[in-house]
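The primary structure of each chain is shown beneath.
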There are 2 protein chains.
Amino acid sequence: MNRRTFLATAAGTPAMLRAATGKHGYTWMEIEKMLEHGDLKRGALTRDDLPTPALMLDLDAFESNVSTMTRYAKEHNRALRPHGKTHKCPEIAKALIRAGATGACAAKISEAEVFAQNGVNGILVTTAVVGKHKIERAVRLASQHPDTIFSVDNAQNVRDLNDAAAAAKIHLNVAVDLWVGRRTGIKPGEPALGLAQLIESLPNVKLAGLQAYAGHASHVIGFQERKKVSREAMAPAVETRLLIESKGIAVPFLTGGSTGTYNIDSEIDGISELQPGSFMFMDVDYGRIGGQDGTVYRDFRNALSVLTTVVSKPADEVAVVDGGFKAFSTDKPFTPEARSIPGLTYNWAGDEHGIIKMGGASVPVNVGDRIAFVIPHCDPSVNLYDRIYCLRGDHVEAVWKIAARGMSQ
Amino acid sequence: MNRRTFLATAAGTPAMLRAATGKHGYTWMEIEKMLEHGDLKRGALTRDDLPTPALMLDLDAFESNVSTMTRYAKEHNRALRPHGKTHKCPEIAKALIRAGATGACAAKISEAEVFAQNGVNGILVTTAVVGKHKIERAVRLASQHPDTIFSVDNAQNVRDLNDAAAAAKIHLNVAVDLWVGRRTGIKPGEPALGLAQLIESLPNVKLAGLQAYAGHASHVIGFQERKKVSREAMAPAVETRLLIESKGIAVPFLTGGSTGTYNIDSEIDGISELQPGSFMFMDVDYGRIGGQDGTVYRDFRNALSVLTTVVSKPADEVAVVDGGFKAFSTDKPFTPEARSIPGLTYNWAGDEHGIIKMGGASVPVNVGDRIAFVIPHCDPSVNLYDRIYCLRGDHVEAVWKIAARGMSQ
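**Things to note about the overall build of chain A**
Argument step 1. Secondary structure assignment for chain A yields 14 helices and 16 strands.
Argument step 2. Relative to the compact-globule value of 22 Å for 409 residues, chain A shows a C-alpha radius of gyration of 23 Å, a close match.
Argument step 3. In terms of overall dimensions, chain A has C-alpha extents of about 75 × 50 × 35 Å along its principal axes.
Argument step 4. Sequence separation of 24 or more characterises 65% of the internal contacts of chain A that already satisfy a separation of 6 or more.

As structure tokens, then:
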């Protein structure tokens, strides 16, 4: 029995359901149906109706962030291909494209497949597609979506892609991924030139551009220091572009940049495209890096939070919420922040719970109260949820499926 | 277009598909169909066919762990209700019940619903069900599965459950959850007695037992020290059981225990049931705690791993695999361990990647090679995957859906 059948067959006892309705009169079954189908009767539901832990998007802040970044890219004459590993949500990828983005980055082939199935165009797969079965998937994807671009950093992989493309009688667009200190790639300079020349020599792969992602630069605290680190990291990428072009090989783009370096890398000649992700949501981590005007990073607003419920209050000075390791990312050295209650601290309490305290004082919440937390790191947090609830103020305006959740293959 | 439709409509170019077949001649589309439907033609597929990152279960080790724990519980005359938050997989819950378990714990109501829909009986929901909509769900679940038990630790919540049960003309089984230093619960002693007396006084809730989970004891390193911590934590729970019984109220069970304390808590009179989880899989964290016979914890075998692929080799001494924060839990201070290659270290490289090194020496792998890692912490890692691939040696014997993945509500 699947979930929907279960809910349908469970409709048995009207008295019981009525007993549990909220002030608007909806039962949970009615609410769940509205949330699942996105039939929200504009504003009928509020955040009080969401089952916690719930991933919430503040639409005003999100739209402001999208507008800020797309306007910035346009004004600086840079293409923008925001990274879909952050949101994993086709609705968001399409919203960004409507606002002016060139397309979407996808971290892996399985994520790209989901985006493409749901109408996202202009996909750049930022990790090399390795192994015969994944190459089969890449060829199939490119057969249906010829504008897809695949990152490469290895000669044998390029030959394998070329052979599979030839057998399918198609061409594959590839981007040479450069190692600039983090993530993946081939060494800039001669090694990258050699790979570009191999691509030029093969009939069924076509050089679409270069990729250089300096992840170690993106979270450097302090704008000037971050600028220094990013410029040092990206310089070899720009030099490699010039080197390849000097051999008569066209390099249509060089893509780089992150939420921390979008306004640094876009000042570098030769970097033609930005692929930031976190700017649309923001998180505790990016909030710390500082901006051009001081120690607070104000470029983008916090749009993402997780709503929890207090499920236990063992003592006056301690309460327990229903979100733990499975509700929040845990890869950063910070905990979730409840910005609505100054002085409240969140401490991990295992897979399913968090303990909140007020420094020895009574915690000003009771069982049943709801607390929203800003999350430490957006990407792996979003990857824990199947839906993102989109709110306008307190009202649920949309529910978007995180359709590529778990697609790390 | 859903995933299946996409795969079906994508069948276009036979030449392309053949070009990408493996040695057994299956294309990726054929493999994916077998994996999705569990039609595995016994041993036709091997781990080389799995799309990485892939969550793998070593069935020999898993079956050995299940046998060890169920036999232990039986010999010590304790009920065993393994915690389903570890596996989130109805097939595993049912395998444990077939081996002798009383039922399954579920961390939250949404997890319990999925287990119940898939034929798991004897469910204990270990977190209080708070809020009118979740109580509506609890009443619905109990209407269909009357043996379900709900944890409670708050008087108003007990009254709310009673009222909802009365409106639905059913009874709800409840277990008083005791705060023994971690997770959730009401204070042992008089407060717990008061809650038990309230339950006794209400017509539609019924006291099924007590719960006391001392999570802070489970990972104490060294058996004797762990025993000391657990006995101190559990003593008030046992005293509370005696106190409630002394007032003429029956307490059918006291459940506690973890993978680290199953053979400690089961020696304590009054603890009648164990609810360990990790024993079936094991992880780096539990491997460190030490056993009765020394510093190595040999009670259970490591059954769980994540298979990755080397997708980049930027330099001779560094390689990059396709598993990062979205492939492994990150809540512990250890990294994944590749036990097949001594000296190899894994370092986090973001959401999608890990960097492997050999201490300055050449890394003995190339792009396309596959490396399996033992994971730092099993529960939140399993929660990242939709399927668990069950292997007998190198052969894929079954694919189980992690149907309650993401069900933290």
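**Notes on the sheet that holds strand β4 (residues 123-125) of chain B**
All names here are of chain B.
Argument step 1. As summarised here, the arrangement of the eight strands in space is β2-β9-β8-β7-β6-β5-β4-β3, forming an open sheet in which the pairing is parallel. For this open sheet the edge positions go to β2 (79-80) and β3 (104-106), each flanked by a neighbour on one side alone.
Argument step 2. Two strands pair when backbone bridges link them, and strand β6 (residues 172-178) and strand β7 (residues 205-212) are joined in this way by seven bridges, in the parallel orientation. Of the residues in β7, the one forming a bridge with L172 is V205.

**Structural notes on the interface of chain A and chain B**
Note on interface size: it is often stated as the accessible area lost on association of the parts.
Argument step 1. Contacts between the two partners involve 79 residues from chain A, matched on the other side by 78 residues from chain B.
Argument step 2. Mapped by element, the contributors of at least two residues to the side of chain A that touches chain B are α2 (14-19), α3 (28-37), α7 (132-144), α8 (155-167), β10 (304-315) and α14 (378-382) of chain A.
Argument step 3. For the side of chain A that touches chain B, the element with the most residues is α7(A), which contributes nine residues.

**What about the nonpolar core?**
Argument step 1. Of all hydrophobic cores here, the largest spans 248 residues; its most connected members are L161(A), V174(A), Y389(A), L161(B), V174(B) and Y389(B).
Argument step 2. Here this core spans two domains, and each of domain 1 (3-58 + 300-401) and domain 2 (62-281) of chain A adds at least three residues to it.
Argument step 3. If we ignore the near neighbours within four places in the chain, the residues touching L161(A) are I135(A), A138(A), F150(A), V152(A), L172(A), V174(A) and V205(A).

**A short note on helix α6 (residues 109-117) of chain A**
Along an α-helix, residues three or four apart share an orientation, since each turn contains 3.6 residues.
All names here are of chain A.
Argument step 1. Burial analysis of α6 places eight of its nine residues in the buried class, the great majority of the element.
Argument step 2. Three or more residues of α6 are buried, namely I109, E111, A112, E113, V114, F115, A116 and Q117.
Argument step 3. G119 occupies a position one or two residues after α6 and carries a positive phi of about 90 degrees.

**Describing the relation of the copies chain A and chain B**
Argument step 1. Overlaying chain A on chain B yields an RMSD of 0.0 Å, the required transformation being a rotation through 180 degrees with an accompanying axial translation of 0.0 Å. The operation mapping one copy onto its partner corresponds to a two-fold rotation axis. Residue T330(A), judged by its C-alpha, is the member of chain A lying nearest the rotation axis, at 2.8 Å.
Argument step 2. Interface overlap between copies is the fraction of interface residues in one copy that are interface residues in the other; for chain A against chain B it reaches 99%, indicating a shared surface.

**What about the pairing of β10(A)?**
Residue and element names in this part refer to chain A.
Argument step 1. Of all 12 residues in β10, 11 are buried; the element is thus mostly enclosed.
Argument step 2. Examined bridge by bridge, strand β1 (residues 54-58) and β10 share four bridges and lie antiparallel to one another. Residue pairing in the sheet places L55 in a bridge with V306 of β10.
Argument step 3. Note: β10 against strand β14 (residues 370-373), four bridges, orientation antiparallel. Pairing of V306 across the sheet is with F373, part of β14.
Argument step 4. Bridge count for β10 against strand β11 (residues 318-321) is three bridges, and the pairing is antiparallel. The partner of V310 across the bridge, within β11, is V321.
Argument step 5. Connecting β10 to the next strand, β11, in antiparallel fashion are two residues.

**Quick look at the domain arrangement of chain A**
Residue and element names in this part refer to chain A.
Argument step 1. What the domain assignment lists for chain A is domain 1 (3-58 + 300-401) and domain 2 (62-281).
Argument step 2. Between the C-alpha centres of domain 1 and domain 2 the distance comes to 35 Å.
Argument step 3. Every element with two or more residues in the side of domain 1 that touches domain 2 is listed here: β1, α14 and β16 (395-401).
Argument step 4. Examining the composition of the side of domain 1 that touches domain 2, we find that three residues originate from one element, α14, more than from any other.
Argument step 5. Considered class by class, the residues forming the side of domain 1 that touches domain 2 number eight nonpolar, one polar and four charged.

**Quick notes on the confidence of the model for chain A**
Residues shown with low pLDDT carry predicted positions that ought not to be read at fine detail.
Residue and element names in this part refer to chain A.
Argument step 1. Of all residues in chain A, 94% attain a pLDDT of 70 or more, and the chain-wide mean is 93.
Argument step 2. Confidence drops under a pLDDT of 50 for residues 1-22, and excluding neighbours within four residues, the segment shows 35 contacts in the predicted structure.
Argument step 3. Interface confidence for the predicted complex, given as ipTM, is 0.93, next to a pTM of 0.94.

Calculation criteria
Residue indices begin from 1 for each chain and proceed along its sequence in written order. In the order they appear in the text, chains get letters beginning with A and ligands get numbers beginning with 1. Given that the model is predicted, a residue must reach a pLDDT of at least 70 before its local features are reported, and side-chain atom pairs must reach 80 or more before they are shown or counted; all residues, however, enter totals for whole chains, interfaces and linings. Counting from the N terminus, the helices are DSSP H or I runs at least four residues long and the strands are E runs at least two residues long. For a compact globule the rule gives 2.2 Å times the number of residues to the power 0.38, and the radius of gyration it is set against comes from C-alpha atoms. Residues are scored as being in contact if the C-beta atoms we place from backbone atoms lie within 7 Å. Only when DSSP finds a minimum of two bridges between them are two strands counted as paired. For this entry, the nonpolar core is defined as buried Ala, Val, Leu, Ile, Met, Phe, Trp, Tyr and Cys residues connected by C-beta atoms within 7 Å. For every residue, the other C-beta atoms within 10 Å of its own C-beta are counted; 20 or more classify it as buried, 12 or fewer as exposed, and values in between as partly exposed. C-beta atoms are placed from the backbone. Each domain's limits were defined by an automated method or a database of domain assignments. Copies are brought into register by a least-squares superposition over C-alpha atoms of residues with pLDDT of at least 70 in both. Residue polarity follows a fixed list, in which Ala, Val, Leu, Ile, Met, Phe, Trp, Tyr, Cys and Pro are nonpolar, Asp, Glu, Lys and Arg are charged, and the others, Gly among them, are polar. The score called pLDDT rates the predictor's confidence residue by residue, from a low of 0 to a high of 100.

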